[in-house]
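# Remarks on the overall topology
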Amino acid sequence: MRLPSIPLAASSGGHVDLSSLQGIGVVYAYPRTSPPDSPPLEGWDRIPGARGCTQQSCAFRDHHAELAGAGARFVFGLSTQTTAYQSEAAERLHLPFALLSDAELRLARALGLPTFSAGGMTLLKRLTFIFCHGYVEQVMFPVDDPGRNAQEVLVRLGRLKGQAYS
């Protein structure tokens, strides 16, 4: 599937248009991160798959060099949170990659990404996709173990290595 040309605000500043990036990239979508001094949304623990956003981001941080070594030129986190909110999380978690904001749900709608509602917000369900030269090559959904997602992506990248891309 071709990625649509939709510039997304990045926690590192500016905008990123995934469709224009050349090379292999990974995007992991997550519902939301909560600031450390705030409680989770009411009922958050009862929503299947909601917990684990910080754990997932930290796993991609911890495996960032390995992902690059496996061919991923780009790694991004994606949520419907605002860039200001994401920037706080990226700084607090010491992420070496940008978090992308789809606060207007433009990418989510264009790709048909799964969402759910909580606390009056529309949030992305946890999924990961690998893209190359503007095309989605693989999708991982559902992501059952957020803490192991980066390692699962490494396995997938190993399988893709050497294949011809769109």
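Attention here is on the structure that accompanies the text. (Residues numbered from 1 in each chain as written. Predicted model: local features only at pLDDT ≥ 70, side-chain atom pairs only at ≥ 80, totals over all residues. Heavy atoms only, no water.)

We now examine the pairing of strand 8 (residues 127-132). For strand 8, the buried fraction is high: six of the six residues fall into the buried class. Going residue by residue along strand 8, you find L127, F129 and F131 tucked away on one face and T128, I130 and C132 tucked away on the opposite face as well. Counted along the chain from strand 8 to the antiparallel partner strand 9 (residues 135-140), the turn is two residues long, and its residue H133 has a positive phi close to 50 degrees. (Buried < 20%, exposed > 50% of the residue type's maximum accessible area, 1.4 Å probe, protein only. Helix = DSSP H or I, 4+ residues; strand = E, 2+ residues; numbered from the N terminus. Pairing = 2+ DSSP bridges.)

What follows concerns the sheet that holds strand 9. Pairing within the open sheet is mixed, and its seven strands lie in the order 2-1-5-4-3-8-9. Strands at the two margins of the open sheet, each flanked by one partner only, are strand 2 (15-16) and strand 9. Sheet topology note: the strand 1 (residues 8-10)/strand 5 (residues 99-101) ladder contains two bridges and is antiparallel. Residue pairing across strands places A10 opposite L100, the latter belonging to strand 5. Across the sheet, helix 1 (residues 53-62) lies against strand 3 (24-29), strand 4 (72-79) and strand 8, angled at about 160 degrees from strand 3, the strand it touches most. (Contact = heavy atoms within 4.5 Å. Axes fitted to C-alpha atoms, helices over the stretch in contact; angles between N-to-C directions.)

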